[in-house]
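Coordinate inspection notes
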Amino acid sequence: MNVKAILTGWKNYISKSDVVESVAKERAAICAVCPHAKQGKIIAFIKDTLQEVQGAYCDACGCPLSAKIRSTEICPNSKW
Ligand code: SF4
């Protein structure tokens, strides 16, 4: 996990620029049907307008998906 990239993802999660959100929406649709997307107990309370990834993390890299899809990170399985 690239901590700096994930922190940027959280910043983008808060600011929700249109460009970031359109990219995030495409990524969320891919993550939503991926077997590596799991519901996390600790982040379950974090709301997301992209409900496909609300409260979820990627078990391939350990990243919270709300931040990851809005970051400069890449999918560890090259799906996006
Ligand atoms: S980041 Fe990639 S591997 Fe992880 S849940 Fe999303 S699509 Fe799956």
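Report on the accompanying structure. Fair warning: this is a prediction, and the values are worked out from it, not measured in the lab. (Residues numbered from 1 in each chain as written. Predicted model: local features only at pLDDT ≥ 70, side-chain atom pairs only at ≥ 80, totals over all residues. Heavy atoms only, no water.)

**Overview of the site of the ligand**
Taken together, the neighbourhood of the ligand is formed by Cys-31, Cys-34, His-36, Ala-37, Cys-58, Lys-68, Cys-75, Pro-76, Asn-77, Lys-79 and Trp-80. Tallied by class, the residues present in the shell around the ligand amount to seven nonpolar, two polar and two charged. (Near = heavy atom within 4 Å. Nonpolar A, V, L, I, M, F, W, Y, C, P; charged D, E, K, R; others polar.)

**Here we look at the pattern of salt bridges**
On inspection of all chains with the given rule, the structure shows three salt bridges. Its salt-bridge partner being Glu-21, residue Arg-70 comes within 2.6 Å of it at the nearest N-O pair. You can see Arg-70 sitting in the segment after helix 3 (65-68) and its partner Glu-21 sitting in helix 2 (residues 18-32), a full 49 residues away along the chain. A single burial state applies to Arg-70 and to Glu-21, both of which are buried. Asp-48 is the partner of Arg-70 in a salt bridge, and the nearest nitrogen-oxygen pair spans 2.9 Å. With Arg-70 in the segment after helix 3 and Asp-48 in the loop between strand 1 (37-39) and strand 2 (56-58), this pair connects stretches of sequence that are 22 residues apart. Since its relative accessible area comes to 5%, Asp-48 is described here as buried. In the salt-bridge network here, residues are joined through shared partners; they are Glu-21, Asp-48 and Arg-70. (Salt bridge = Lys/Arg side-chain N within 4 Å of Asp/Glu carboxyl O. Helix = DSSP H or I, 4+ residues; strand = E, 2+ residues; numbered from the N terminus. Buried < 20%, exposed > 50% of the residue type's maximum accessible area, 1.4 Å probe, protein only.)

Don't take any of this as a statement about function, it's just geometry.
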